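Listed here are the chains, written in short residue letters.
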Amino acid sequence: QVQLVESGGGLVQAGGSLGLSCAASGRRFSIYNMAWFRQAPGKERDFVASIRYNGGTTYYADSVKARFTISRDNAKNQVYLQMNSLSLEDTAVYYCTAGGEIATMKPSNWPYWGQGTQVTVSS
């Protein structure tokens, strides 16, 4: 198993940028596909982006493509989400997850989850 801890959330002005990090503990981090999901109040948990275990393939939700970038550094057991051109609709708790099929966007496909970090976009 792998344990995940997100960081980097906070308050940001609309149109601004924010970077999130996910620190993983576990002896086999480099074999896991990774992803970010987000959940706004009263809404379902939605897929944001995913990345193959070796960093070679990425997927993005239509709502964030061209604005968000997922990346990873296996030597540091870290996965990142760079968010640009943020809007009010991006406000949510962002979750890091591991171990799922990279192209499957259902939360039930991903077995390991962090605690989440709050991102709030203001006008």
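Read on for an overview of the structure. The shown structure was predicted, so the numbers you read here are calculated from the model rather than taken from an experiment. (Residues numbered from 1 in each chain as written. Predicted model: local features only at pLDDT ≥ 70, side-chain atom pairs only at ≥ 80, totals over all residues. Heavy atoms only, no water.)

1. Structural notes on the nonpolar core
Here is step 1 of the chain: Ranked by internal contacts, the top residues of the largest apolar core, which has 32 residues, are Met-34, Trp-36, Leu-81, Met-83 and Tyr-94.
Here is step 2 of the chain: Listing elements by their share of this core, those giving two or more residues are β3 (18–25), β4 (34–39), β5 (46–51), β7 (68–73), β8 (78–83), β9 (92–98) and β11 (117–122).
Here is step 3 of the chain: When sequence neighbours within four positions are dropped, the list of residues in contact with Met-83 reads Gly-16, Ser-17, Leu-18, Leu-20, Arg-67, Phe-68, Tyr-94 and Val-119. (Core = buried A, V, L, I, M, F, W, Y, C linked by side-chain atoms within 4.5 Å. Buried < 20%, exposed > 50% of the residue type's maximum accessible area, 1.4 Å probe, protein only. Helix = DSSP H or I, 4+ residues; strand = E, 2+ residues; numbered from the N terminus. Contact = heavy atoms within 4.5 Å.)

2. Regarding the sheet that holds β8
Here is step 1 of the chain: Spatially, 4 strands are ordered β1-β3-β8-β7 in an open sheet, and the strand pairing comes out antiparallel. Each having just a single partner strand, β1 (3–7) and β7 make up the two edges of the open sheet. For this sheet, the mean angle separating the axes of adjacent strands, direction not counted, is 15°.
Here is step 2 of the chain: Of the strand pairs in this sheet, β1 and β3 are connected by 5 bridges, and their pairing is antiparallel. Bridge assignment links Ser-7 to a residue of β3, and that residue is Ser-21. (Pairing = 2+ DSSP bridges. Axes fitted to C-alpha atoms, helices over the stretch in contact; angles between N-to-C directions.)

3. Quick notes on the state of the cysteines
Here is step 1 of the chain: Under the definition given, this model contains 1 disulfide.
Here is step 2 of the chain: Two residues, Cys-22 and Cys-96, share a disulfide whose sulfurs are 2.1 Å apart. In this structure the cystine formed by Cys-22 and Cys-96 twists about its S-S bond by roughly -85°; its chirality is therefore left-handed. Taken together, the positions of Cys-22 in strand β3 and Cys-96 in strand β9 put the pair 74 residues apart, joining distant regions of the chain. The burial state of Cys-22 is the same as that of Cys-96; both residues are buried. (Disulfide = S-S within 2.5 Å.)

4. Quick notes on unusual backbone geometry
Here is step 1 of the chain: If you check the backbone angles, Asn-77 has positive phi at about 55° while not being a glycine.
Here is step 2 of the chain: The residue Asn-77 is located in the loop between β7 and β8 in this model.
Here is step 3 of the chain: Its identity as a non-glycine residue notwithstanding, Ser-85 has a phi of 50°, on the positive side.
Here is step 4 of the chain: Tracing the backbone through its elements, the reader meets Ser-85 in the loop between β8 and β9.

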